[in-house]
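Per-entry structural report
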Amino acid sequence: MSKAHPQIDRLNRLRRRLCWESPVLAPGLAALQVRETKLRPTAAVSGRGVLYANVDFFAAKKDSEANFVILHELMHVLLRHHERLSGRIHFIWNIAADLVINEAIPALGLNEMTKSEIVTVPKDALWRERDTPWIPAGLTVEAVYDHLMQKAEEEIQKLQGEAPGAGCGVVE
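Overview of the structure. Small disclaimer: the values here were computed from a predicted structure and weren't measured. (Residues numbered from 1 in each chain as written. Predicted model: local features only at pLDDT ≥ 70, side-chain atom pairs only at ≥ 80, totals over all residues. Heavy atoms only, no water.)

Thoughts on helix α1 (residues 6-21)
Note the threshold: Put simply, DSSP H or I for four residues or longer makes a helix, DSSP E for two residues or longer makes a strand, and each gets a number counted from the N terminus. One less than the residue count of a helix, multiplied by 1.5 Å, gives the span that helix is expected to have. We call a residue buried when its accessible area falls under 20% of the maximum for its residue type, exposed when it is over 50%, and partly exposed in between, using a 1.4 Å probe and counting protein chains only. Any two residues whose heavy atoms approach within 4.5 Å at even a single point are treated as in contact.
With 16 residues, α1 should cover 22 Å at 1.5 Å per step; its first-to-last C-alpha distance of 23 Å lies within 8% of that length. Taken together, the buried positions of α1 are Q7, I8, R10, L11, N12, L14, R15, L18 and C19. Packing partners of the buried residues in α1 comprise α2 (26-31), β1 (33-36), β3 (50-53), α3 (55-59) and α4 (63-78).

What follows is the structure, encoded as structure tokens:
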């Protein structure tokens, strides 16, 4: 059996500490399995609770940022985002879910409970206020998805109206 990458060991250590710091999330955190991947640039999680971690991505993160990402991936599982996709466009659904989760994690109050900065939002995380300020706060993933789809449709309509030859195209 091969030895785990040092970053995977680190993530498992951080995951165990988060269990102690957040008893409410401890069952989910304890069940989370961390595996190394090079197939994703950051991290991903399966509906069965396997966190796929790109070790190069995590090597560049402080512990508090890595904790944020661990919690972020866990929230996808706890909120059953895999089951709620329901024929939606996966890429846009994932952006909607990320926006909702990233706003919810600071609201958990872990820093206040531990009186330390155990969780910090990475600078490269999607953030509703900065990246999609036109989406109201506090919405469900489904509602955020609808806002993203509406915005995409508006942008496509603008392109169709501005593009040379707009209105030309395939007809039956």
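Some details on the environment of E21
Counting through the fold element by element, E21 comes out in helix α1. Here the alpha-carbon distance between E21 and N111, two residues 90 residues apart in the chain, equals 9.6 Å. Setting aside chain neighbours within four positions, we find E21 in contact with L110, M113, T114 and I118.

As for the pattern of salt bridges
Opposite charge on two side chains allows them to pair when their charged atoms are near. As a reminder of what qualifies: Whenever Lys or Arg places a side-chain nitrogen within 4 Å of a carboxyl oxygen from Asp or Glu, that contact is recorded as a salt bridge.
This model, assessed by the stated rule, comprises 11 salt bridges. The residue E83 makes a salt bridge to R80 at a minimum N-O spacing of 2.9 Å. Among the salt bridges present, the one from E155 reaches K158, with a minimum N-O distance of 3.2 Å. With E155 and K158 both in helix α9 (residues 141-162) and 3 residues apart, this pair spans about one turn of that helix. On the accessibility criterion, K158 (45% relative accessible area) is partly exposed. Three or more residues joined by partner-sharing salt bridges are found here, namely E103, R128 and E129.

Some points on helix α6 (residues 90-107)
Between its first and last C-alpha atoms α6 spans 26 Å; for 18 residues at 1.5 Å apiece the expected length is 26 Å, and the two agree. Those residues of α6 that fall on the buried side of the exposure criterion are I92, W93, A96, A97, D98, L99, V100, I101, N102 and I105.

A look at the packing of α4 against α6
So the rule is basically this: For helices, the fitted axis covers only the stretch in contact; all axes are lines through C-alpha atoms, and the angles between them, taken along N-to-C directions, range from 0 to 180 degrees. Orientation categories follow fixed angle ranges, with anything under 35 degrees roughly parallel, anything over 145 roughly antiparallel, 65 to 115 roughly perpendicular, and all other angles oblique. We call a crossing left-handed when the near helix sits turned anticlockwise from the far one by less than a right angle, and right-handed when that turn is clockwise. Each residue is assigned to one class: nonpolar for Ala, Val, Leu, Ile, Met, Phe, Trp, Tyr, Cys and Pro, charged for Asp, Glu, Lys and Arg, and polar for all the others, Gly among them.
Relative orientation of the contacting elements α4 and α6 amounts to 120°, with a least axis distance of 10 Å. On the basis of the axis angle, α4 is oblique to α6. Once α4 is placed against α6, the crossing between them reads as right-handed. The segment α4 lies against α6, with F68, L71, H72, M75 and H76 engaging N94, A97, D98, I101, N102, I105 and P106. Of the residues belonging to the contact of α4 with α6, the class tally is 7 nonpolar, 4 polar and 1 charged.

Examining the pairing of β3
Condition: Between any two strands, at least two bridges found by DSSP are needed for them to pair.
Strand direction decides the pairing type here: β1 and β3, joined by 4 bridges, are parallel. Across the sheet, residue Q33 finds its bridge partner in β3, namely V50. Of the pairings in the sheet, the one linking strand β2 (residues 43-45) to β3 comprises 3 bridges and is antiparallel in character. What sits directly across from V45, in β3, is L51.

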